[in-house]
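As a plain string of letters, each chain reads:
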Amino acid sequence: MTSPKRKRSRIIPILLVVVISAAAYIAFDLLAPRESKMRDFNADEVARLETAMWRSYYDRQQVKLFNQMTELLRSQYNLPLVRSNVVAYEAARAAFVFKDGHNRADYEKALPYLISFYTSIRKVSDIPFDANRAAHLELEWWIIHRQRHTQEPGALDRALAELAAELYRVPLERVMDHARLRAEAMTIRDNRAESGVATEQDWAKIETLLHESWRSLKEAVQS
């Protein structure tokens, strides 16, 4: 009969191998070189996931939003499993820090998470965009959207276009249709929420506009 001491002496080396293997996998996942062909995204898949993420965000379903973001990062940005989860946390954290804010000072608390998010994307991107500027542009359109009733017409369109122009390093005018359609989708959601609740028909229209928006962007950045 095997003694408890001898059983432990057999189990400990196995556990060590498992722990070392897991640590090596995580380190490789987080640190190994990776490249994302930024212009080769699937426009329809991005639109589907963005629609889902909007719904999760407005319903305050943080776990669902996190999972949807990891799927987007893996499928469209070529991030491996562990890294996609780390980067998704930064994005989801930024979104909900911003959501709970009431003024610009509050909103800017989301900026460190956005900088970390875009820095991670920049590390795998084949386009040399400025991660710090992209983070600031992302936050700016969030603020303009939040304060839409005090903004000039077209302010949101332009803010969205400025972010896309930075990320893909293309002229601003080339991505204006993408921005306009995306802003229109946001406006439908906002108007319906202010008068009640967005219906399934509203969300279908929103998703249609987002499909058009991301297809327009793909055509713009590949032309």
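Notes on the structure follow.

**Section: the overall build of the protein**
Thought 1: Tallying secondary structure elements over the protein gives 10 helices and zero strands in all.
Thought 2: Its helices and strands in sequence order give the protein the pattern α-α-α-α-α-α-α-α-α-α, from N to C terminus.
Thought 3: Looking at the protein residue by residue over its 223 residues, the buried ones come to 43%.
Thought 4: Restricting to contacts in the protein with at least 6 residues of sequence separation, those with at least 24 account for 67%.
Thought 5: Carbon and sulfur atoms provide 55% of the accessible area of the protein, an area that totals close to 12,400 Å².

**Let's talk about the nonpolar core**
Thought 1: Counting residues in hydrophobic clusters, the biggest one holds 68 residues, and the most contacted among them are Leu-73, Tyr-118, Ile-121, Trp-142 and Tyr-168.
Thought 2: Secondary-structure elements contributing two or more residues to this core are helix H2 (43-58), helix H3 (62-77), helix H4 (81-99), helix H6 (111-124), helix H7 (131-146), helix H8 (155-168), helix H9 (176-195) and helix H10 (200-222).
Thought 3: If near-sequence neighbours (up to four positions away) are discounted, Ile-121 is found in contact with Met-38, Leu-73, Tyr-77, Leu-79, Val-87 and Phe-129.

**Describing the layout of surface pockets**
Thought 1: One number sums up the size of the largest pocket: a volume of about 1,000 Å³.
Thought 2: Lining the largest pocket we find 42 residues, and of these Glu-50, Glu-138, Trp-141, Trp-142 and Arg-182 sit closest to its centre.
Thought 3: Looking at the lining of the largest pocket, the elements with two or more residues in it are H2, H3, H4, H6, H7, H8, H9 and H10.
Thought 4: If you tally residues by element for the lining of the largest pocket, the top one is H2, at seven residues.
Thought 5: Here the lining of the largest pocket is composed, by residue class, of 31 nonpolar, three polar and eight charged.

**Considerations on the pattern of salt bridges**
Thought 1: Per the stated rule, a full pass over the model turns up 17 salt bridges.
Thought 2: Its salt-bridge partner being Arg-148, residue Asp-190 comes within 3.4 Å of it at the nearest N-O pair. Residue Asp-190 is located in helix H9, and its partner Arg-148 is located in the loop between H7 and H8; the two are separated by 42 residues in the primary sequence.
Thought 3: Of the charged contacts, one joins Asp-177 and Arg-180 as a salt bridge, the two residues approaching to 3.8 Å between their closest N and O atoms. Residue Asp-177 and its partner Arg-180 are located together in helix H9, separated by three residues, close to a single helical turn.
Thought 4: A relative accessible area of 44% means that Asp-177 is categorised as partly exposed.
Thought 5: Judged by relative accessible area, Arg-180 falls into the partly exposed class, the value being 38%.
Thought 6: One network of salt bridges, in which partners are shared, links Arg-148, Arg-189, Asp-190 and Glu-194.

**Some details on the packing of H9 against H10**
Thought 1: Contact geometry of H9 with H10 gives a least axis separation of 7 Å together with a crossing angle of 165°. Looking at the two axes, H9 sits roughly antiparallel to H10. Remark: the crossing between H9 and H10 carries left-handed chirality. Between H9 and H10, the contacting residues are Asp-177, His-178, Leu-181, Arg-182, Glu-184, Ala-185, Ile-188, Arg-189 and Arg-192 on the first element and Asp-202, Trp-203, Lys-205, Ile-206, Leu-209, Leu-210, Glu-212, Ser-213, Trp-214, Ser-216 and Leu-217 on the second.

The rules behind each value
Residues numbered from 1 in each chain as written. Predicted model: local features only at pLDDT ≥ 70, side-chain atom pairs only at ≥ 80, totals over all residues. Heavy atoms only, no water. Helix = DSSP H or I, 4+ residues; strand = E, 2+ residues; numbered from the N terminus. Buried < 20%, exposed > 50% of the residue type's maximum accessible area, 1.4 Å probe, protein only. Contact = heavy atoms within 4.5 Å. Areas by Shrake-Rupley, 256 points an atom, 1.4 Å probe, with all protein chains shown as cover. Core = buried A, V, L, I, M, F, W, Y, C linked by side-chain atoms within 4.5 Å. 1 Å grid on protein atoms, 1.4 Å probe; cavity = no way out; pocket = protein on both sides within 12 Å on 5 of 7 lines; lining within 4 Å. Points joined across faces, edges and corners; volume = space filled by probe spheres on them. Nonpolar A, V, L, I, M, F, W, Y, C, P; charged D, E, K, R; others polar. Salt bridge = Lys/Arg side-chain N within 4 Å of Asp/Glu carboxyl O. Axes fitted to C-alpha atoms, helices over the stretch in contact; angles between N-to-C directions. Parallel < 35°, antiparallel > 145°, perpendicular 65-115°, else oblique. Left-handed = near helix turned anticlockwise from the far one by under 90°.

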